[in-house]
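Residues per chain are reported as follows:
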Amino acid sequence: QVQLVESGGGLVQAGGSLRLSCAASGRTFSRYAMAWFRQAPGKEREFVADITWTGGRTTYADSVKGRFTISRDVAKNTVYLQMNSLKPEDTAVYYCAADPNGVRLRKEYVYWGQGTQVTVSS
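Summary of the structure given here. As the structure is a prediction and not an experimental result, all values here were calculated from the model.

**Digging into the packing of aromatic side chains**
Throughout the structure, instances matching the rule amount to five aromatic pairs. When the ring of Phe29 is compared with that of Tyr32, the centres are 4.9 Å apart and the planes differ by 80 degrees; the resulting orientation is edge-to-face. Taking the relative accessible area as the measure of exposure, Tyr32 reaches 7% and is therefore buried. A ring pair is formed by Phe37 and Phe47, whose centres lie 5.8 Å apart and whose planes are at 75 degrees; its orientation type is edge-to-face. Linking Phe37 in strand S4 (residues 33–39) with Phe47 in strand S5 (residues 46–52), this pair joins segments that are 10 residues apart in sequence. Judged by relative accessible area, Phe37 falls into the buried class, the value being 1%.

**Observations concerning the state of the cysteines**
Going through the model one piece at a time under the given rule, you end up with one disulfide. Shown here is the disulfide that connects Cys22 with Cys96, its sulfur atoms set 2.1 Å apart. Classification of the bridge connecting Cys22 and Cys96 rests on its S-S torsion, roughly -75 degrees, and on that basis the disulfide is left-handed. Taken together, the residues span a long stretch of sequence, with Cys22 in strand S3 (residues 18–25) and Cys96 in strand S9 (residues 92–99) at a distance of 74 residues.

**Description of the pattern of salt bridges**
Tallying each qualifying case throughout the model produces six salt bridges. Here Glu46 and Arg38 are joined by a salt bridge, their closest N and O atoms 2.6 Å apart. For Glu46, a relative accessible area of 36% translates into the label partly exposed. Take Arg38: its relative accessible area is 5%, and that puts it in the buried class. The partner of Asp62 in a salt bridge is Lys65, and the shortest N-O contact between them spans 3.2 Å. Connected via shared salt-bridge partners are Arg38, Glu46, Arg67 and Asp90.

**Focus: the environment of Phe47**
For Phe47, a relative accessible area of 27% translates into the label partly exposed. As a C-alpha pair, Phe47 and Val103 span 56 residues in sequence and 14 Å in three-dimensional space. Excluding residues within four positions of it along the chain, Phe47 makes contact with Ala35, Trp36, Phe37, Thr59, Tyr60 and Ala61.

**What to know about the environment of Ala40**
Within the secondary structure, Ala40 is located in the loop between S4 and S5. Distance in space between the C-alpha atoms of Ala40 and Gln117 is 9.6 Å, their sequence separation being 77 residues. Contacts of Ala40, omitting those with residues within four sequence positions, involve Thr91 and Ala92.

**Some points on the pairing of strand S7 (residues 68–73)**
Two strands pair when backbone bridges link them, and S7 and strand S8 (residues 78–83) are joined in this way by six bridges, in the antiparallel orientation. Bridge pairing links Ser71 to Tyr80 in S8. Where S7 folds back onto S8 in an antiparallel hairpin, the turn is made up of four residues, including Asn77, whose phi is positive at roughly 50 degrees.

**Brief notes about the pairing of S4**
Along S4, six of the seven residues are buried, which leaves the element largely enclosed by surrounding structure. Between the antiparallel neighbours S4 and S5 lie six residues, among them Gly42 with a positive phi of about 75 degrees.

Conventions we followed
- Residues numbered from 1 in each chain as written.
- Predicted model: local features only at pLDDT ≥ 70, side-chain atom pairs only at ≥ 80, totals over all residues.
- Heavy atoms only, no water.
- Phe/Tyr/Trp six-rings, centres within 6.5 Å; stacked < 30°, edge-to-face > 60°.
- Buried < 20%, exposed > 50% of the residue type's maximum accessible area, 1.4 Å probe, protein only.
- Helix = DSSP H or I, 4+ residues; strand = E, 2+ residues; numbered from the N terminus.
- Disulfide = S-S within 2.5 Å.
- Salt bridge = Lys/Arg side-chain N within 4 Å of Asp/Glu carboxyl O.
- Contact = heavy atoms within 4.5 Å.
- Pairing = 2+ DSSP bridges.

Now the structure itself:
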């Protein structure tokens, strides 16, 4: 069974930075794609960024391009989300997700972590 455990959330002022981590276990992830999603209060969960485990190909939501960077450490089975120039509208619970087929479609992300809260104050 795949387990995803997020960490690194917290409270930060606008303009600041945070790095989220997602420790993955339970499988060999070579065919997987990994992603970060977020959900703000009263809003639907939205895509933030994804990365292929092999090759490290990435995509980003327009709202975070140029500010956020997704990466992975294959040896540590960990995915990261470096968030810079944070804005109050980035406030949300951030979730790590895994797609075992590497297709990178929303419906393919079948494994989810429990989330970590990010709060950006103005």
